[in-house]
Structure formats: C-alpha cells, structure tokens
Amino acid sequence: MSGHYRGCGPELDFPPASPPSTASSSATPSFQKLEILRASTRQNHTFIRPTKRIHEGPDVSRFLVSQAYRDIGIFVLQLNRAMLPRRVSSQTQMFPLDAPRSDPQPVLALRDLLKKVEALIDEAPLDPGPRRFGNVGFRTWHQILEERADSLLKEFLPGMAAESGSNEAVGALDEVKAYFLGSFGSAQRLDYGTGHELSFLAFLGCLWKLGFFVSPPSPDSENKEDKIPGELERSIVLGAIEPYLQVIRRLILHYTLEPAGSHGVWGLDDHSFVPYILGSAQLARPIWSESEPTPLEGSAPQSPRPSDVAKPERATAHRDRWMYFSAVAFINDVKKGPFWEHSPILFDVSGIRDGWGKINKGMLKMFNAEVLAKYPVVQHFPFGSLFSWEADPDAQKVVGTSVHLASQPTTTTSSVASGEGGPTASPWTQATRMPGAGAVPGPGIPYSRAPWAGTGSTVPMPRGGVPDTGPLPVMDSFPPGVRGTASAQHSITKAPWAK
Amino acid sequence: MLGRKDDEKALRQLASSVEPVSLSLEILQTACAWVWVTPEALINFLIASRQRANAPGPCRRHLTPKSPAVAAQPASRRPPLNLEMGDLDRAIAQLRACRPIPEAEVRELCHKARELLIEEGNVVTVNAPVTICGDIHGQFHDLMELFRVGGDVPDTNYLFMGDFVDRGFYSLESFLLLLCLKVRYPDRMTLIRGNHESRQITTVYGFYDECLRKYGSANVWRYCCDVFDYLALGAIVLGASNTLSPNPDTSSEAPTIDEDSDVEIQVCNADGQIMTQFSRQARSRVHGRSPSGAATTNGVAPGAGAPTNTGPPGSGASGSSGGSIGNPAGAVLCVHGGLSPLIDVVDKIRLLDRKQEVPHEGAMCDLLWSDPDEIDGWGLSPRGAGFLFGADIVKVFNHKNDLSLIARAHQLVMEGFKEMFDANIVTVWSAPNYCYRCGNVAALLELSEDESGLGVFARSNGEVGRSDGGVGSGGGGGSRGVLTESSRGAVMSGPARRYRVFQAAPQDSRGMPAKKPVADYFL
C-alpha cells in the first residue's frame, strides 16, 4: 500500500502555505518538455514513414521502453502541467474553456483545419440503406479525409508544403499525416476509441517537435511578465484538443460511431480518455510557483465539486467551462439511464474527497495502464522518426522485468510502482517517469481491496502468449478481404487475440 | 451412418429395453457412429457393463462425483444436490431484488450447477413449448422485464442462448439468478454458452472488473468461469407446433385470422398486443397496427437510432421470403453464434469435448463466435474468431439435419429479432437499449407445443429427465424425428413463431448506491 492520502478528510479547498511535504523528494521534479528539433539537426534529420511495430502482446513491453513511449508521456504531462490553475498575485488563475484567449497563429490554423475536417460531414451524407448501427456514410467521410489529407495539411499547416517528401524521400508531412489520419476513427469498423485519440496526441506531438508551434517573437510577447508559463500548451489544449474532441463528438453522434472494443459500463468512457486527464488538471489545486510539484490532491477554490459529475444537471451546467464536465455531459447525451449504472468508474471517482488533484494523479496512472500499456489499443500505433521505436536508453531499468506481468492479474498497481524510485519517491515522480507509474497491468482495473495476491497466478489464460486484455481495441484490424455487413455491427465483441 | 431409420428404430427399442440405464438414444447413436459397431452389439455390451456396474464400484463416477444414483432420476424429481430448497428460494428472492448473494453461497451454487450441467449433453434436447432468449449482457432490470413479458419461471420454459455477462452493470446478479433458477427448476431452464462465457473475454469486457468491484476478490469470477466450462454448446427444440398457441394476452381488438393455423409469425408488443402477423402461405402481413406503435404503447420511446419499424421478419434486409418451405416440422437448433465449417451434422457437436475454456479456433469456438452474413459460403469474421456463413451454408445444413430453423443470438438487432435466408435462421437479441445507448428493442421467441400428436419425435440426449428417452409421446409409426427423412408432405412450413418485443425497463425506481472505493489508481 502506498500510503499516500488515504484519509477521508474534507476536500482541500485551500492551498497549503508551502508545497506539501509529501511531494518532497531527493530529486526535484523536472518538468520536461518535448524536445524541439533544432534547425541545425533538422537539416540532416531522416524522416521515416511510420510503421506498426507492436505485433503481439510481448511487444508492448518493448514499447514501454521506447523513445515514443517516453515522448508521449512527456507531452501528456507537459500539457497536463500547463492546465493547472496558478496562484498569481494572491489570486487563483484558472483556465476554463470559455475564457477569452488569444491563441497563436499555429493553433488558430489547427482549429481551422479541424473546422474543415468537420465540414466534410456535409459531403458524406448518411447512408439510408439497411443499417446495423454505425452508419456506413462514415466510410465516405473517411475516404474524403484520406483523399484530401495532403492538401489539407499543406493548406493549414504553414511550412508543411515544403516538408513533403520529394519522390522517394520521406518528408515530415508523411509522418504527420499518418497520425492525423489515425485520429478520426476506423472507417472499416465504424468505431472510435482511445487509440484514435492517442493518434491525435501524437499528431500534435509531431508538430511540436517540428517547431510548428514556435511563433516568431512578436512585440506582444516581449512582455514576459504578464505571461503565465505554459501558455502555448494551454492554447494547444483549449484551442486544438477541445475543438478536436468536439469534432469527434459530432462524428460519433452523426454517424453513430461505435465505442471501439466497448467494455460497456466497465470502461472509463466509451471513446475518450484525454479530457479526463486535462480536465481534472484544470480544476486541481493551484500551484504557487513553477518549481512546485504537480499537486497530488486538492482543488482550486472555484472548482465544481467532483460529486457534481454524478448529477446530470450539474454536468450540463459546467460543460461549456470545464473539459471534464464537457466529456461527462457528452456521456449523458449518448447514454440513457442512471449515471452510476452506465458509468460506474466515473461515478466512483466522483466520490473522491481529496479533490481534483487526486483525480488528476489517478487519471494519469490509469491512462498509462489502461491505454498505453494495453496491446489492443497501441497495437496499431505507427512509429517513425518523431515517435521512435528506438529504445530509450534511460528507460531500460524501469520496466525491464515486468514483461510476464502482462498476461496475468497483478496485485495492486500503486504499491507495485515503488520498484524504481524506492520509498522516498513520490507517486508523482513516478508518474513523470510514466513507465514507473504502475506495473504493466493485467486484466481488469485493480481495486486494492482485492486480497488475491498469490492467487492471481492461477487465473488461467488461454494459450499462445495472448497479450494483456486491455480495453478498446482500435483502428483497423481487418483480415484482408473481409467486407461483410457484420463488420458494421455495434459493439461486436472482437477476439482479443485477433491481430 | 447416423440417421438411418432402421438404426434409429432399433436403437430406440434397445434403449428403452435397458431402462433405467441412463443412457440415451442419442448417446448410443453417437457411440455407434464412433466405434462403428452395430447398435445391437453396443447395447449388449452396455447391458453387460451395467450389470457389472450394479455390483459395487465406480461406473460413471468420474462424471458424477457426488451422487450417481441421483442422476438416474428424472431431473424434475431430483432434489438439488446438497442444496436446501429453502436456501435456493431465498437466494432467488435476494437475486430477484438485485442483491448479490454472499461469496460462500455463490461457491455452493456454482458447485451444484456444475453437477447438474455435467450431466447435460453438448446439445441439450428441449421440448416445446419454450421461450428462446438471446444476449442479456448483465442488463438485470431488462432481464426482469423479459420475465414479465415472457412469463415467470417456472411457468414458462426458457432457453437462454448465452452472453449473460459482460458490459452491463449487473452481470453478476443476472447470471447468478439464471443459474439459481437452473438449479431450482432444471427442466424449466436451459442455459447454453455464449462467447462471453469465457475467462479471457470476461477479463476484457467487464465481468471480471465487476466481480472485483462487488466482492473485492476474483473468487466469484473464478467460480462462475468454472460453471461456464460446463454449459452446453447448443440445444435442439423438438415438438414445436406449426400453429401458434392461443395468445393469452390477446385483446379483443387483436386481428383475426380465419384459421389460427395460418399464422406463421406473430409479433407482439410487451403487453401482448399483436402488432403484426404473417400468414403461412402468402407470408404477407395479415393485419397489424403500426409496428412502431410498440414504442408508444410501452411508454418508452426508443432512443436515438431506434428503428422506426419493428419490421416484418423476412422483409427488409432479409429479402423477400417465400417462407420456410424446406423442412416442415423439423427441429430448431439453438446456438449462440452459428455454424462451423467443421460441423456438417448436429451429431458432430455432440462429440466435442466442451468442458474447457473456449478455444481460439475450432468447432467449439465457431459455434460461439460465427455470424450469418449475405455472402456465399464461408468468410473470415471481422471479430477475429469464428466465421461468416451464407444462406447456402444454412440451407444445406438445415436440410441435412432436418432442421426447420436455427435460432441464434450474438449480434445486436435493432428490431430485437431478424430472420434471414428465407427464415432458415433467426437472430434473437434480448438486451434492450444495449449498453444504455443503442436505442434498440429486445425480443424473445416463443415456440408452441405441438398437441396434435403428429409432431416431431422427442428424444433424449443423455441428460436424464429431459425426456422420456424417446419412447413416449408421439410414438409409433407416426414419428418424424430429426434423424428421419421428412417424408410427410411439406404442406406446413417451419414452426410457428411468436416474437414478443420489449423495451428497456423503466429506470426511475432504481436508487442511487453509495459510492464504492475507487480503483487503486486513485488511492
């Protein structure tokens, strides 16, 4: 048992006068940012057309020590950090969705791109024919997207035109496009899930690495004192990621896209994960200084209570302001029935009494375990030069021994996590080293009441090194030649061992 | 080999002559086919074995570890092993209230259930009348609605075609209730296995998480999975009538048809009102109020994406149907998914070793995973397990096995049921508003009992008490068993089907529970 914050005290509405001692650690947390390719190295950089590398379950543990995995973790934490409320001249500054912003040009371009993508709906009408669930009109939509991806990216992403590979050579555009096209659901299966969302994160990560977001310094930005650190990242979240989520929600509603590999009520959300991470950061306890660790508990004073999540009318009231509630309200749009029945995990989380900081910490851990470490989700993630399959030299020792854990239930996640950092390392330090945030999870979501350590190994798993059995198999995985109508079946169960 | 009339007759006589040996005609036939001996020789051997077995010593002890003597009794008269009837009734009452029973009781229940299920063949024989249900997926309140619409146990004879668990919030309560009812009324409940009744699938799709959340340990999940391994793979319904039994709920405003026997398909709403029916000859709609009336009658409007038409089977995507002309009065095969290229006759299912985790491939896997599709022959399944199979496959299979219909589940149908391939196969789906969001209606399929005495010949498959061993009802020369040629004039088409369509249960009555401890990520 990790022993952190297990108390049931009142919600922490006020920040402590000094950084909480629990976060102290020998190593000062470094808030890494994704590295931008320098112009000098850029000249000689060799782009690689992204290809899949995760072919079977055990490959996931290799993924967990790859540079791509490291970079995804850094980027998510970088965005997450930026969303935290700040304490500025004795006032709490929060960053809601509806606050006026002046997004930099690259973010505005991204938003225009997303608008254009959304507008393709008008060109791909619903199919009136016999239907199962997902509407096959979405295949037309996706086909148009594929056909126009090159020109769209060149049009809206300045500099991309020059980046397209000439003839044989692979250019940056080829890498970026792979993640862009992976971001909008599966045309074949008419579904959308966290793997597609992950692809969009990688798309943004590619742009970041390519320096796309670095604007030439303008006279306005000279006045650094007014700027709260993380502004660019916040613009990406509020000005691109949230609009992306809105496009996705529109697509889901319009074409009745399926939840990819639905767990039914036993997943966090049928389609999304990222809004719960960034949305909880948005409401967490404010930080006083940029060197302060990311809070592990506590809420900003003005934050809605976590318990509002379970009240549909409250969720609706907050949906235009806070990402977390925007996502919850969408669930309420789509699902009919008691919230605690159709979304029990979110319901349980809404009972957390230690504030949004604690929820944020948990969401990051859960994302690591239930998205990044799940074969069905990451098996179609492609690797190029920007998100590289190459091993991260610093990562080897972190998860090198946990390969076999992948196919059986682990004990608890949080307690196992102490492997790397030792007892003095805070969970957050581990979270920033995402591989250490939890052991590679087995099936199911761990609950600490489970006194089953020692019996877990008796859980029989079928033969053949079937991978861990995570949620949301996403992206296309069709055997060649299959074009049956059954493929348009809502929430069909796919065999977890299927490639 | 199998299915020859002479063999069958001889076997039946011989089987009855060795009563009370609890071996069925079916087992004998299978055995004959297997070892390629004459039925007489086999029977003689068995009689001799039986005499030896009557002396103290194990005979079938490996199959019935607890009480082999009890197994010889008809199941209906057999008391549930070691389980006090009162305990069982109490557990049923508790589960009906949607409250889980203690872990120790689950353990005992699962133990009992296994002892019962181990006696069943891979293909259970069920006599009409029976009500056939598709996927439940832990939608407990909708299961209660199903019982309300279809009649309560044991008044109604039920056959559930698997997928009791996963995705829904109440897989545990749903499955345990069905299992309790199975143990309590073994002759009234038939449960066959779905692809979700599997360790690997339940760890992915929710049942495992649910058990952990509700019990704090995986023990209950483990007990349930052990039961899954013993569930039958399919069922054969015998004695289904070509005419519908009177609909007790039919109101005076119900449409009238000159002769009841003309009705092949009747679709009723949850209140028993006839929405549509189809006569046998023309397969045209005889009468019906607007099918979409069901939505308003129930007071529950279908959600987004709901069909506007709870439409006529055999129409729409099914194409124009000429009726099920192929196999009059044949049996109905029930299986969760569909057919397998490895199974050309039903008897091959009986030869499988089913008592295991569902394999990734092979006949057992296919039966639980396959889907019918508008293709020719066989196709790869997008699911990554099982196959797609076309109309030609189904028609040949039904003809070869003297089946009039295959009933299966496994795929969401917005209208609750869907007949395909000239009514040779039907998908029945019993989870309304699937996953709280699909807006579909659910259905159950009622097959009436043939009281004319001309129905198919009942036979047993080795599970005691399921029938009288094949010598009782409808005996004599008039029998037309599923193994015999269907030589009678094909005047009538397949069994008359009454579909009852229902919506998700109202949700206002469910209270809000206390919040549970969160997953470890949030500690």
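Procedures and definitions
- Residues numbered from 1 in each chain as written.
- Chains lettered and ligands numbered in written order.
- Predicted model: local features only at pLDDT ≥ 70, side-chain atom pairs only at ≥ 80, totals over all residues.
- Heavy atoms only, no water.
- Helix = DSSP H or I, 4+ residues; strand = E, 2+ residues; numbered from the N terminus.
- Buried < 20%, exposed > 50% of the residue type's maximum accessible area, 1.4 Å probe, protein only.
- Contact = heavy atoms within 4.5 Å.
- Areas by Shrake-Rupley, 256 points an atom, 1.4 Å probe, with all protein chains shown as cover.
- Expected span 1.5 Å × (residues − 1).
- Arc of directions from axis to C-beta.
- Axes fitted to C-alpha atoms, helices over the stretch in contact; angles between N-to-C directions.
- Parallel < 35°, antiparallel > 145°, perpendicular 65-115°, else oblique.
- Left-handed = near helix turned anticlockwise from the far one by under 90°.
- Nonpolar A, V, L, I, M, F, W, Y, C, P; charged D, E, K, R; others polar.
- Core = buried A, V, L, I, M, F, W, Y, C linked by side-chain atoms within 4.5 Å.
- pLDDT = per-residue confidence, 0-100.
- Pairing = 2+ DSSP bridges.
- UniProt positions renumbered as here; feature names shortened; annotations may be inferred.
- Polar contact = N/O pair within 3.5 Å; in protein donor to acceptor, adjacent residues only side chain to side chain.
- 1 Å grid on protein atoms, 1.4 Å probe; cavity = no way out; pocket = protein on both sides within 12 Å on 5 of 7 lines; lining within 4 Å.
- Points joined across faces, edges and corners; volume = space filled by probe spheres on them.
- Salt bridge = Lys/Arg side-chain N within 4 Å of Asp/Glu carboxyl O.

1. Overview of the overall build of chain B
And then number 1: Across its full length, chain B carries 15 helices and 17 strands.
And then number 2: Scored against the burial criterion, the 523 residues of chain B give a buried share of 63%.
And then number 3: In chain B, once contacts between residues fewer than 6 apart in sequence are set aside, the share between residues at least 24 apart is 73%.
And then number 4: For chain B, the computed accessible surface area is about 18100 Å², with 53% contributed by carbon and sulfur atoms.

2. With respect to helix H4 (residues 105–119) of chain A
Residue and element names in this part refer to chain A.
And then number 1: Here H4 spans 21 Å end to end across 15 residues, near enough to the 21 Å set by a 1.5 Å rise per residue.
And then number 2: Looking at H4, one finds that the buried residues are Pro-106, Val-107, Ala-109, Leu-110, Leu-113, Leu-114 and Val-117. Taken down its axis, H4 places every buried residue within 155 degrees of arc, on the same side. Those residues of H4 that are exposed and aimed more than 90 degrees away from the buried face are Gln-105 and Lys-115.

3. What to know about the packing of helix H8 (residues 171–184) of chain B against helix H11 (residues 219–228) of chain B
Residue and element names in this part refer to chain B.
And then number 1: The geometry of H8 relative to H11 is characterised by a closest axis approach of 12 Å and an angle of 45 degrees between their N-to-C directions. Here H8 is positioned oblique relative to H11, judged by the angle of their axes. Viewed along their axes, H8 and H11 form a crossing whose handedness is left-handed. Across the interface between the two elements, Leu-172, Phe-175, Leu-176 and Leu-179 from H8 touch Val-220, Cys-224, Val-227 and Phe-228 from H11.
And then number 2: Grouping the constituent residues of the contact of H8 with H11 by class yields eight nonpolar, no polar and no charged.

4. What about the nonpolar core?
And then number 1: One finds Trp-141, Phe-184, Phe-203, Ile-241, Tyr-324 and Met-363 of chain A together with Phe-160 of chain B to be the most contacted residues of the largest nonpolar core, which totals 184 residues.
And then number 2: Looking at which element gives the most residues to this core, the answer is helix H9 (residues 231–254) of chain A, with eleven residues.
And then number 3: Once you skip the residues sitting within four places of it in the chain, Trp-141 of chain A turns out to touch Val-117, Glu-118, Leu-120, Ile-121, Ala-124, Phe-184, Leu-251 and Tyr-255 of chain A.
And then number 4: Membership of the second largest hydrophobic core comes to 32 residues, among which are Ile-201, Val-346, Val-358 and Ala-363 of chain B.

5. Comments concerning the environment of Phe-367 of chain A
And then number 1: Locating Phe-367 of chain A in the fold gives a position in helix H15 (residues 355–372).
And then number 2: Each C-alpha atom, one on Phe-367 of chain A and one on Ile-121 of chain A, is 30 Å from the other, the two residues being 246 residues apart in sequence.

6. Topic: the confidence of the model for chain A
Residue and element names in this part refer to chain A.
And then number 1: Scored by pLDDT, chain A has a mean of 77; 69% of the residues are at 70 or more.
And then number 2: In the predicted structure, residues 1–29 sits below a pLDDT of 50 and forms 46 contacts with residues beyond four places in sequence or in another chain.
And then number 3: Taken as a whole, residues 398–441 scores under 50 in pLDDT and shows 101 contacts with residues more than four places along the chain or in a different chain.

7. Things to note about unusual backbone geometry
Residues apart from glycine generally show negative phi values, whereas peptide bonds are mostly found in trans.
All names here are of chain B.
And then number 1: Cis geometry marks the peptide bond from Ala-128 to Pro-129; its omega dihedral reads 5 degrees.
And then number 2: Within the secondary structure, Pro-129 sits in the loop between strand E1 (123–127) and strand E2 (130–133).
And then number 3: Pro-154 follows Val-153 through a cis peptide bond whose omega is 10 degrees.
And then number 4: Position of Pro-154 relative to the elements: it lies in the loop between helix H7 (140–150) and strand E3 (158–160).
And then number 5: Within the chain, Arg-167 stands out as a residue other than glycine whose phi angle is a positive 75 degrees.
And then number 6: With respect to the secondary-structure elements, Arg-167 resides in the loop between E3 and H8.
And then number 7: With relative accessibility at 1%, the residue Arg-167 sits in the buried group.
And then number 8: A positive phi angle is found at Phe-421, which is not glycine, with a value near 55 degrees.
And then number 9: As for its position among the elements, Phe-421 is in the loop between strand E14 (417–420) and strand E15 (425–428).

8. Let's talk about the pairing of strand E16 (residues 442–447) of chain B
All names here are of chain B.
And then number 1: Counting buried residues along E16, six of its six residues qualify, which places the element largely inside the surrounding structure.
And then number 2: Side-chain alternation along E16 places Ala-442, Leu-444 and Glu-446 on one buried face and Ala-443, Leu-445 and Leu-447 on a second face that is also buried.
And then number 3: Here E16 pairs with strand E17 (residues 497–502) via six bridges, running antiparallel. Across the sheet, the residue bridging to Ala-443 is Val-501, located in E17.

9. With respect to the environment of Gly-86 of chain B
Residue and element names in this part refer to chain B.
And then number 1: Relative to the helices and strands, Gly-86 resides in helix H5 (residues 85–96).
And then number 2: Classification of Gly-86 as partly exposed rests on a relative accessible area of 48%.
And then number 3: Sequence separation of Gly-86 and Ala-97 is eleven residues, and the distance between their C-alpha atoms is 17 Å.

10. Some thoughts on the pairing of strand E7 (residues 274–279) of chain B
Residue and element names in this part refer to chain B.
And then number 1: Taken across its six residues, E7 has six buried, putting it largely inside the fold.
And then number 2: Note that strand E6 (residues 263–268) and E7 share five bridges and pair antiparallel. Paired with Cys-268 across the bridge in E7 is Ile-274.
And then number 3: Hairpin connection between E6 and E7: a loop of five residues separates the two successive antiparallel strands, and Gly-272 in this loop has a positive phi of roughly 85 degrees.

11. Describing the sheet that holds strand E12 (residues 387–389) of chain B
All names here are of chain B.
And then number 1: Taken in spatial order, the three strands line up as E10-E12-E11 in an open sheet, and their pairing is mixed. The sheet is open, and its two borders are formed by strand E10 (371–372) and strand E11 (378–380), each paired with just one other strand.
And then number 2: Both E11 and E12 contribute to a ladder of three bridges, which runs antiparallel. The residue bridging Leu-380 from the neighbouring strand is Phe-387, located in E12.

12. Focus on helix H3 (residues 67–83) of chain A
And then number 1: Helix length check: H3 of chain A, at 17 residues, gives a terminal C-alpha distance of 24 Å against a target of 24 Å (1.5 Å per residue), a fit within 8%.
And then number 2: Of all 17 residues in H3 of chain A, 15 are buried; the element is thus mostly enclosed.

13. Considering the UniProt feature "domain: Serine/threonine specific protein phosphatases" (unreviewed entry) in chain B
And then number 1: Residues annotated in UniProt with the feature "domain: Serine/threonine specific protein phosphatases" (unreviewed entry) correspond here to residues 192–197 of chain B.
And then number 2: For the annotated span residues 192–197 of chain B, helix accounts for 0% and strand for 0% of the residues, and the straight-line distance between the end C-alpha atoms is 9 Å.

14. Side note on the side chain of Asp-354 of chain A
And then number 1: Structurally, Asp-354 of chain A can be placed in the loop between helix H14 (344–349) and H15.
And then number 2: At 3.4 Å, the side chain of Asp-354 of chain A and the side chain of Lys-358 of chain A are in polar contact.

15. Topic: the packing of H3 of chain A against H9 of chain A
Residue and element names in this part refer to chain A.
And then number 1: Remark: H3 packs on H9, axes separated minimally by 8 Å, with the N-to-C direction vectors making an angle of 95 degrees. Put simply, H3 runs roughly perpendicular to H9. Along the contact surface, H3 presents Gln-78, Leu-79, Ala-82 and Met-83, while H9 presents Glu-233, Arg-234, Ile-236, Val-237, Leu-238 and Ile-241.
And then number 2: A class-by-class count of the residues in the contact of H3 with H9 yields seven nonpolar, one polar and two charged.

16. Points about empty space enclosed by the protein
And then number 1: Counting across every chain of the model gives 16 cavities of 30 Å³ or more.
And then number 2: Volume-wise, the second largest cavity comes out at about 120 Å³.
And then number 3: Lining the second largest cavity are 16 residues, and of these Glu-341 of chain A together with Gln-139, Asp-142, Tyr-436 and Arg-510 of chain B lie nearest its centre.
And then number 4: Per-element tally for the lining of the second largest cavity: the top contributor is H7 of chain B, with three residues.
And then number 5: Per-class residue counts for the lining of the second largest cavity are seven nonpolar, six polar and three charged.

17. Remarks on the sheet that holds E15 of chain B
All names here are of chain B.
And then number 1: Ordered by their spatial adjacency, six strands build an open sheet running E1-E5-E9-E13-E15-E14, and the pairing between neighbours is mixed. Two strands in the sheet have a free side with no partner beyond their single neighbour: E1 and E14. The average undirected angle you get between the axes of adjacent strands in this sheet is 20 degrees.
And then number 2: Direction of pairing for strand E13 (residues 403–408) relative to E15: parallel, over a ladder of three bridges. Directly across from Ala-407, in E15, lies its bridge partner Val-426.

18. Digging into the pattern of salt bridges
And then number 1: Applying the stated criterion to the full structure yields 46 salt bridges over all chains.
And then number 2: For Arg-213 of chain B, the salt bridge is made with Asp-348 of chain A, and the minimal N-O distance between the two is 2.6 Å. Within this pair, whereas Arg-213 of chain B is found in helix H10 (residues 207–215), its partner Asp-348 of chain A is found in helix H14, the two belonging to separate chains.
And then number 3: Assessed through its relative accessible area of 2%, Asp-348 of chain A is described here as buried.
And then number 4: The partner of Asp-89 of chain B in a salt bridge is Arg-184 of chain B, with the nearest N and O atoms 2.8 Å apart. Remark: Arg-184 of chain B occurs in helix H8 and Asp-89 of chain B occurs in helix H5; sequence separation between them is 95 residues.
And then number 5: A cluster of three or more residues bridged by salt bridges with shared partners is formed by Arg-193, Arg-199, Asp-226, Asp-229 and Glu-357 of chain B.

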